[in-house]
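What the coordinates show
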Amino acid sequence: MPVTVVVGAQFGDEAKGKISDYLASGFRHVVRTGGGPNAGHSIHLGERSVVLHQLSCGALHPGVSAISGPGMVINPMSLEKELAELAAKGWLKGDVILSERAHVILPLHELEDGWEEALRTANPGDPGLGTTRRGIGPAYEDRYGRFGLRMVDLTRPEALRTKLDLLFRRKSFLKDLPDPQALFGQLSEVGQRLAPMIRATEPILWGAIESGEPILLEGAQSALLDVDFGTYPYVTSSHPTSAGALVGSGIPPAELDEVIGVSKAYSTRVGAGPFPTEVQGELGEYLRREGGERGATTGRPRRCGWLDLVLLRYAARLNGFTSLAITKVDVLGGLEEVPVCTQYLASSGETLRRYPPSVAEELEKVTPIYEKFPAWPGFTERLKERLRREGARALPGPLRAFLHYVAAETHVPVEWVSFGAQRDDTVWLGRGAVAPRAPTVTEWTG
Ligand code: IMO
Ligand code: MG
């Protein structure tokens, strides 16, 4: 219990925010460990909703600290807006803390993000990456190039001036750079306002571990967007895996107890990149409409498709999932059948079950092989009411069979099922609902 991580098992937008928020009241600290305003975590409370980008959902819970951790890249200007929006709604209840080691996204990083994307799309037909244009890639480039500004620098005017000056010289190739003097003024002001929240967060978390206070690491982005293990180069610039959550928080690996993987009952992807189970046409449109599949950060329509067990098995292994939360099962309710991709047929004629090709162009070319499940009924208000009242007992039989199948195929027990956007649209199936069997060596390699 002390340290639990929630990570996305697909291409992002699996409702990690909803699951984290559902679990948050049982934790003392909720930490975002990577990424920045590219994340969009929608939280619905009754008729009202909010999209969290740079704050963890701990911000919504009294007595919980909401830490934006060291692994993040933070846009301080948009963070202030996020804080103001939450406060205006009366939802800012947690104790917001910003890591002094998190890096700063500047307007010039957003500019550079657009410029890099223009380079990538210069050849006709090249889709680029379809980034969120929030400056994520360039901010991480500067972080690893050791030109970055950190949150702590916003509170040290002298250092800020020197570092900003170096960064502007580094970026002299960019056109339309903002006026450095004006930016310095803006950053020092924002730094003064945020200073009370900017702290060393590792000692807080280590202290929490010592005294047995539970910590939730709220993932953003997802396994298949990991800069190394995702569908490179169609990825983000951080490590949205369980290992990344540890590096991004300063928590040592041996302290990690649980890894909850969040997956939709189908799949979506925003931006470019391989998506073997993508469905075009009417069915794709149906999933998009029923699932409200529009980017919470950019408003772009999400590409939709079926559940991909090859990728889910891979994500489970990579992250070491100890349990799964399967979300948006209501969206598939009432369909004629539910297709699930169980393996790929590669262009070489080989079948692939648990390790996708690491070359994006090859993943693009695989043929997904589907198994079709009998569908479950539509999620009427009556069924939802029963599920809220009776819990797992009220799950329709075909849905239960589907969940058992997913658990058996991934060797990870399904512990939560989410059937709507609200906190209480969540059913707990119990621990180890399906006893998983680990794959043998030959199953992994063959
Ligand atoms: P949450 O936390 C879905 C995608 C972008 C693009 C690629 C790189 O809400 O699940 P970036 O701006 O990070 O350089 O873009 O990654 N992407 C996401 N897709 N959900 C997210 O976050 C995402 N964050 C980045 O669409 O394809
Ligand atoms: Mg999202």
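Relevant structure appears above.
Small disclaimer: the values here were computed from a predicted structure and weren't measured. (Residues numbered from 1 in each chain as written. Chains lettered and ligands numbered in written order. Predicted model: local features only at pLDDT ≥ 70, side-chain atom pairs only at ≥ 80, totals over all residues. Heavy atoms only, no water.)

Next up on the list: the coordination of the magnesium ion (ligand 2). The coordination sphere of the magnesium ion (ligand 2) contains the protein donors Asp 13 (OD) and Gly 40 (O), at a distance range of 2.1 to 2.4 Å. With Asp 13 in the loop between strand S1 (3-8) and helix H1 (16-24) and Gly 40 in the loop between strand S2 (29-32) and strand S3 (41-45), this residue pair connects regions lying 27 residues apart in the sequence. The exposure class of Asp 13 is partly exposed, given its relative accessible area of 22%. (Donors = N, O, S within 2.8 Å, 3.2 Å for Na, K, Ca; no water. Helix = DSSP H or I, 4+ residues; strand = E, 2+ residues; numbered from the N terminus. Buried < 20%, exposed > 50% of the residue type's maximum accessible area, 1.4 Å probe, protein only.)

With burial as the criterion, each face of strand S5 (residues 65-68) is covered, one bearing Ser 65 and Ile 67 and the other bearing Ala 66 and Ser 68. As judged from the four bridges shared by S2 and S5, these two strands associate in the parallel manner. In the strand pairing of S5, Arg 32 is matched with Ser 68. Relative to strand S7 (residues 95-99), S5 runs parallel, the two being bridged by four bridges. Bridging across to S7, Ile 67 finds its partner in Ile 97. (Pairing = 2+ DSSP bridges.)

For the rest of this paragraph, the subject is empty space enclosed by the protein. Within the structure shown, the criterion is met by one cavity of 30 Å³ or more. What lines the largest cavity is simply Ala 9, Gln 10, Phe 11, Ser 267, Asp 308, Leu 311 and Leu 312. In terms of residue class, the lining of the largest cavity is made up of four nonpolar, two polar and one charged. (1 Å grid on protein atoms, 1.4 Å probe; cavity = no way out; pocket = protein on both sides within 12 Å on 5 of 7 lines; lining within 4 Å. Points joined across faces, edges and corners; volume = space filled by probe spheres on them. Nonpolar A, V, L, I, M, F, W, Y, C, P; charged D, E, K, R; others polar.)

What follows is about the packing of helix H2 (residues 76-89) against helix H6 (residues 180-194). The N-to-C vectors of H2 and H6 enclose an angle of 40°; their axes lie 10 Å apart at closest approach. With respect to their mutual orientation, H2 and H6 come out oblique. For H2 against H6, the interelement crossing comes out left-handed. Touching Pro 76, Met 77, Leu 79, Glu 80 and Leu 83 of H2 are Leu 183, Gln 186, Leu 187, Val 190, Arg 193 and Leu 194, all from H6. (Axes fitted to C-alpha atoms, helices over the stretch in contact; angles between N-to-C directions. Parallel < 35°, antiparallel > 145°, perpendicular 65-115°, else oblique. Left-handed = near helix turned anticlockwise from the far one by under 90°. Contact = heavy atoms within 4.5 Å.)

Here the focus is the sheet that holds strand S11 (residues 258-264). Taken in spatial order, the ten strands make up an open sheet running S9-S7-S5-S2-S10-S1-S11-S14-S18-S19, and their pairing is mixed. Both outer strands of the open sheet, strand S9 (198-199) and strand S19 (426-428), are each paired with one neighbouring strand and no more. The pairing of strand S18 (residues 414-418) with S19 spans three bridges and is classified as antiparallel. Counted as the bridge partner of Trp 416 is Trp 428 from S19. Lying on the sheet, helix H7 (residues 202-210) is in contact with S1, S2, S5, S7, S9 and strand S10 (215-222); it crosses S2 at an angle near 140°.

Now for the site of ligand 1. Within the structure, ligand 1 sits among 20 residues, and Asp 13, Lys 16, His 41, Thr 132 and Thr 236 are positioned closest to it. Note that an oxygen atom of ligand 1 is positioned 3.0 Å from one of the backbone N or O atoms of Gly 40. One nitrogen or oxygen atom from the side chain of Arg 300 is found 3.0 Å from an oxygen atom belonging to ligand 1. In isolation ligand 1 has 550 Å² of accessible area, and contact with the protein removes 97% of it. Of the residues belonging to the shell around ligand 1, the class tally is seven nonpolar, ten polar and three charged. When residues of the shell around ligand 1 are assigned to domains, at least three map to each of domain 1 (3-71 + 210-445) and domain 2 (103-196). (Near = heavy atom within 4 Å. Polar contact = N/O pair within 3.5 Å; in protein donor to acceptor, adjacent residues only side chain to side chain. Areas by Shrake-Rupley, 256 points an atom, 1.4 Å probe, with all protein chains shown as cover. Domains from an automatic or database assignment.)

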